[in-house]
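Residue strings, one per chain:
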Amino acid sequence: MDLLRIEGGPPLNGVVRASGAKNATLPVMASALLIDEPLFVENVPHLEDVTTTNVLLAHMGVSVTIGDYMVVEADASTITQCVAPYDLVKTMRASILVLGPLLARHGEAEVSLPGGCAIGARPVDIHLRGLEAMGAEIRVEGGYVKARCARLQGARIPMDMVTVTGTENLMMAATLADGVTVLENAAREPEVIDLANCLIAMGAEISGAGTSTITIRGKKQLHGARHRVCPDRIETGTFLVAGAASRGCVKVTHTDPSLIDVVLAKLAAAGAEVTQGNDWVQVDMHGRRPRSVDVRTSPYPGFPTDMQAQFCVLNAVADGVGMVTETVFENRFMHVSELERMGAKIRQEGHTVRVTGIEQLTGAPVMATDLRASASLVIAGLIADGTTDVRRIYHIDRGYECIEEKMAQLGGIIRRLPDRAPVTARGVSV
Ligand code: EPZ
């Protein structure tokens, strides 16, 4: 395993380029299972989760080639098995996204239940109930979802919680169903819209993507397509928060500021000068310490839960007290105890943390626990006094493309080193 060794230093200043969105790329790759012709995908980020999805698709007999762009060729005649095994699914929960397409195109699927993760139990009951409403026979045996259906039927599916991948799974399944499917209380995330655009390019008939009611008129067959993945709004926001927390000036290009207007409003409230164009956005603190801001996460278009940890760090060094409330996941404050090791003054009160800003954090060895917590620890290390070692950075490699190179472009002093810490019998680095 590696670690990131970070020397706290000067304000971050400069320009970085946003990569394609991880959370758009994964469902788009899964959608290739709906067609027998090649799917050409552009702007694919180079991430562990994308590699894992490649391995998962290859396990089924799908060929994925990557050059200037990715070509996913899921010719039905080459599909050898409609199975997503536990050893792959446990490393990436989004593997559940193959369930809908496999069932819709091949009439069967056997997908390991993802199980929980650091941030919560993360059940998939809404995915399964939706597929049952479309006529699928679903059994859960031995930790696997075993689903069969000759042909899915269109249905009205009210979802009792807003679920991003649940909406995406059911939307993909409905594209080949017999009849019309209406998803109610659907997720409105930009990545859902991006997937819908890809499916429409394949010949699917979808309306309402981006609203809470999505209508899909099933077709007998879809065809190959070319799709360019939207920019990663969470990566964009992460670099902007790094700039603000360090009192610097950071510009992110090849992105779409309209996807994070709620985050930009919070950065402006923290005292940043925010400027933007069609495909770029800049945050400039003019050397000033940020002001504390209150944040409450909720499904899009609310404040994204994937930006919550980053704003805990901003508040940790801001002037004042910031209240951060997490409403989407039940355990998404794993970064708090690590930030406290760096001197942060944070008190958890149920689903809210009260962050009292201090002038500067102090470097320390810390442990990454999940993807976005890892990013918040990197930001903390860049603004702390002294050296910070962030361990278990495989979490961060899942969702951030070359984070150390990009942070170094901004003046960050950050190196990837082998983690030679002795590992206890329990596999814990000491
Ligand atoms: C997606 O996860 C994202 N992942 C997450 O990003 C993101 O944090 C999350 O949406 C919320 O925006 C991908 O798109 C690959 P949910 P997802 O289903 O779809 C409950 C990152 O860091 N729920 O929207 O798994 C669930 O427990 C990752 O990039 C059910 O109860 O999240 C949660 O409390 C982390 N039953 C809430 O809904 C279900 O069947 C929202 O979860 C499904 C979800």
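Everything below is about the structure shown above.
Note that residues are indexed from 1 along each chain, following the sequence as it is written. Local features in this predicted model are restricted to residues whose pLDDT is 70 or higher, and side-chain atom pairs enter the listing and the counts only when it is 80 or higher, whereas totals over whole chains, interfaces and linings include all residues. Excluded from the side-chain calculation are hydrogens and water; included are all heavy atoms of the structure.

Asker: Tell me about the side chain of Thr 167, and please be specific about residues and values.
Answerer: The numbering of helices and of strands both runs from the N terminus, where a helix is a DSSP run of H or I of at least 4 residues and a strand a run of E of at least 2. On the secondary structure map, Thr 167 appears in helix H6 (residues 164-174). Of note is the side chain of Thr 167, whose polar atom sits 3.0 Å from the backbone nitrogen of Ala 187. What Thr 167 contacts, discounting residues up to four positions off in sequence, is Met 159, Leu 183, Ala 186, Ala 187, Val 192 and Ile 214. Polar contact is defined as a pair of N or O atoms within 3.5 Å, subject to the rule that within protein one atom must be able to donate a hydrogen and the other to accept it, and that residues adjacent in sequence are counted only when both atoms are side-chain atoms. Pairs of residues are marked as contacts when any of their non-hydrogen atoms sit within 4.5 Å.

Asker: Any chance you could break down the site of the ligand for me, citing the residues and the numbers?
Answerer: Residue proximity to a molecule or strand is established when one non-hydrogen atom of the residue lies within 4 Å of it. For the ligand, the set of nearby residues contains 21 residues, the closest of which are Asp 125, Thr 163, Thr 165, Asp 306 and Val 328. For the ligand, an oxygen atom lies 3.4 Å from a polar atom in the backbone of Pro 123. In the model, an oxygen atom of the ligand is placed 2.7 Å from a nitrogen or oxygen of the Val 328 main chain. Relative to its unbound accessible area of 830 Å², the ligand is 89% covered by the protein chains. Elements with a contribution of two residues or more to the shell around the ligand: helix H1 (22-31), helix H5 (125-133), H6 and helix H12 (371-383). Of all the elements, H5 adds the most residues to the shell around the ligand, at three residues. Among the residues making up the shell around the ligand, the classes are represented as ten nonpolar, five polar and six charged. Areas reported as accessible are Shrake-Rupley estimates using a 1.4 Å probe. Residue values count occlusion only from the protein chains shown. Under the scheme applied, nonpolar residues are Ala, Val, Leu, Ile, Met, Phe, Trp, Tyr, Cys and Pro; charged residues are Asp, Glu, Lys and Arg; polar residues are all the others, including Gly.

Asker: Report on the pattern of salt bridges, specifying residues and quantitative values.
Answerer: The rule for a salt bridge is simple: a side-chain nitrogen of Lys or Arg has to be within 4 Å of a carboxyl oxygen of Asp or Glu. According to the stated counting rule, one finds 23 salt bridges in the structure shown. Taking the shortest distance from any N to any O, the salt bridge between Arg 289 and Glu 359 comes out at 3.3 Å. Separated by 70 residues along the polypeptide, Arg 289 in the loop between strand S17 (280-284) and strand S18 (295-296) and Glu 359 in the loop between strand S21 (352-356) and strand S22 (365-367) bring together distant segments of the chain. With a shortest N-O distance of 2.9 Å, Asp 419 and Arg 391 are connected by a salt bridge. Here Arg 391 lies in strand S23 (residues 387-391) and Asp 419 lies in the segment after strand S24 (413-418), a separation of 28 residues in the sequence.

Asker: How would you summarise the packing of helix H8 (residues 233-245) against H12 if you had to cite specific residues and measurements?
Answerer: Remark: H8 packs on H12, axes separated minimally by 10 Å, with the N-to-C direction vectors making an angle of 25°. In terms of their interaxial angle, H8 and H12 are classed as roughly parallel. Seen along the crossing, H8 lies across H12 with a hand that is right-handed. Facing Ile 234, Thr 238, Val 241, Ala 242 and Ala 245 of H8, the residues of H12 in contact are Arg 372, Ala 375, Ile 379 and Ile 383. Here the residues of the contact of H8 with H12 are counted per class, giving seven nonpolar, one polar and one charged. Every angle, taken between N-to-C directions, lies between 0 and 180 degrees, and every axis is a line fitted to C-alpha atoms, over only the stretch in contact when it is a helix. Any angle that falls under 35 degrees is termed roughly parallel, while one over 145 is termed roughly antiparallel, one within 65 to 115 roughly perpendicular, and all others oblique. With the far helix as reference, a near helix turned anticlockwise by less than a right angle produces a left-handed crossing, and one turned clockwise produces a right-handed crossing.

Asker: A description of the sheet that holds S24 should follow, citing residues and the corresponding values.
Answerer: Sheet strands associate in pairs through backbone hydrogen bonding, adopting either a parallel or an antiparallel arrangement. An order of S22-S23-S1-S24 is seen for the four strands of this open sheet, with the pairing classed as mixed. Only two strands of the sheet have a single partner each, and these edge strands are S22 and S24. Between one strand axis and the next, the sheet turns through 25° on average, direction left out of account. Here six bridges tie strand S1 (residues 2-7) to S24, and the two strands are oriented antiparallel to one another. Considered in S24, the bridge of Asp 2 is made with Pro 418. Together, S1, S22, S23 and S24 form the strand contacts of H12, whose direction differs from that of S1 by roughly 35°. Between any two strands, pairing holds if DSSP finds at least two bridges.

Asker: Mind laying out the pairing of strand S4 (residues 63-66), listing which residues take part and the relevant values?
Answerer: With four bridges joining them, S4 and strand S5 (residues 70-73) adopt antiparallel strand pairing. Paired with Ile 66 across the two strands is Met 70, which belongs to S5. Here S4 hands over to S5 after three residues, the two strands then running antiparallel side by side.

Asker: How would you sum up the nonpolar core? Please name residues and give values.
Answerer: Formed by 74 residues in total, the largest nonpolar core has its most connected members in Leu 39 and Met 171. Residues grouped as a nonpolar core are buried Ala, Val, Leu, Ile, Met, Phe, Trp, Tyr and Cys residues, joined through side-chain atoms within 4.5 Å. Think of it in three bands: residues with accessible area under 20% of the maximum for their type are buried, residues over 50% are exposed, and the middle band is partly exposed, with areas taken using a 1.4 Å probe on protein chains only. By size, the runner-up hydrophobic cluster in this structure holds 64 residues, among which are Val 293, Val 317, Ala 364 and Leu 377.

Asker: Pulling in residues and values, what's your account of the packing of helix H10 (residues 308-316) against H12?
Answerer: The interhelical angle for the contact between H10 and H12, taken along N-to-C directions, is 25°, at an axis separation of 7 Å. Between H10 and H12, the angle is such that the two are roughly parallel. When you trace H10 past H12, the crossing you get is right-handed. Residues Ala 309, Gln 310 and Val 313 of H10 form the contact with H12, whose own contacting residues are Arg 372, Ala 373, Ser 376, Ile 379, Ala 380 and Ile 383. A class-by-class count of the residues in the contact of H10 with H12 yields six nonpolar, two polar and one charged.

Asker: Please give an account of the side chain of Thr 163 that cites residues and values.
Answerer: Along the chain, the position of Thr 163 falls in the loop between strand S10 (156-158) and H6. What makes Thr 163 buried here is its relative accessible area of 13%. Apart from the residues lying within four places of it in its own chain, the contact partners of Thr 163 are Ile 126, His 127 and Ala 187.

Asker: Tell me about the sheet that holds strand S15 (residues 249-253), and please be specific about residues and values.
Answerer: On the basis of which strands lie adjacent, the open sheet formed by four strands has the order S2-S15-S17-S16 and mixed pairing. The open sheet has two edge strands with one neighbour each: strand S2 (13-17) and strand S16 (273-276). Within the sheet, the average angular offset between the axes of one strand and its neighbour, ignoring direction, is 15°. Strands S2, S15 and S17 of the sheet are contacted by H8, whose axis makes an angle of about 165° with S15. In the packing of helix H9 (residues 261-269) onto the sheet, contacts are made with S16 and S17, and the angle to S16 comes to roughly 145°.

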